[in-house]
Amino acid sequence: MNYSLENIGDKVIFTYEGKTYELRSHPYEPCLYIYENDEMIKILHNAFEAYDLVSGFEAGEMLTGPDGKKYDEYSFCKVLSAAIRDSRYEMNWTFADRLAE
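(A) Highlighting the side chain of S25. Relative to the assigned elements, S25 resides in strand β3 (residues 19-26). S25 has contacts with C31, Y33, F48, E49, A50 and Y51, leaving out every residue within four places of it along the chain.

Here is the structure:
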């Protein structure tokens, strides 16, 4: 998979297949918002807080999804890229995970 996940300033940037996306979240909702060129293109419900992703993965931490499944950086980015490729504007994280399989 051709991707990178990094913090640039106060932004979380996901680069996939030559395109750059910004990942955002809201402190009161378990959603991940995916922006391209400052326009929201996807909403992943029951997802993760964007701002701690990179530091957590760099520390070797795993994320636990809403269904209890564990995600390392590779599996997280695999799900994220599957969601981006899909035509739906909104989906939940578990559905995106099934798309990635």
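Resuming the write-up.
(B) Fine view of the packing of helix α2 (residues 73-85) against helix α3 (residues 93-100). For the pair α2 and α3, the least separation of the axes is 8 Å and the interaxial angle reads 95°. Between α2 and α3, the crossing angle belongs to the class labelled roughly perpendicular. The residues of α3 that touch α2, namely those facing F76, K78, V79, L80, A82 and A83, are W93, A96, D97, L99 and A100. Of the residues belonging to the contact of α2 with α3, the class tally is nine nonpolar, no polar and two charged.

(C) Examining the side chain of D86 more closely. Structurally, the position occupied by D86 is in the loop between α2 and β8 (90-92). On the basis of relative accessibility, which here comes to 16%, the residue D86 falls in the buried class. With sequence-adjacent residues up to four places away left out, D86 is seen in contact with K42, M91 and L99.

Here is what the cut-offs are and how they apply
- Residues numbered from 1 in each chain as written.
- Predicted model: local features only at pLDDT ≥ 70, side-chain atom pairs only at ≥ 80, totals over all residues.
- Heavy atoms only, no water.
- Helix = DSSP H or I, 4+ residues; strand = E, 2+ residues; numbered from the N terminus.
- Contact = heavy atoms within 4.5 Å.
- Axes fitted to C-alpha atoms, helices over the stretch in contact; angles between N-to-C directions.
- Parallel < 35°, antiparallel > 145°, perpendicular 65-115°, else oblique.
- Nonpolar A, V, L, I, M, F, W, Y, C, P; charged D, E, K, R; others polar.
- Buried < 20%, exposed > 50% of the residue type's maximum accessible area, 1.4 Å probe, protein only.

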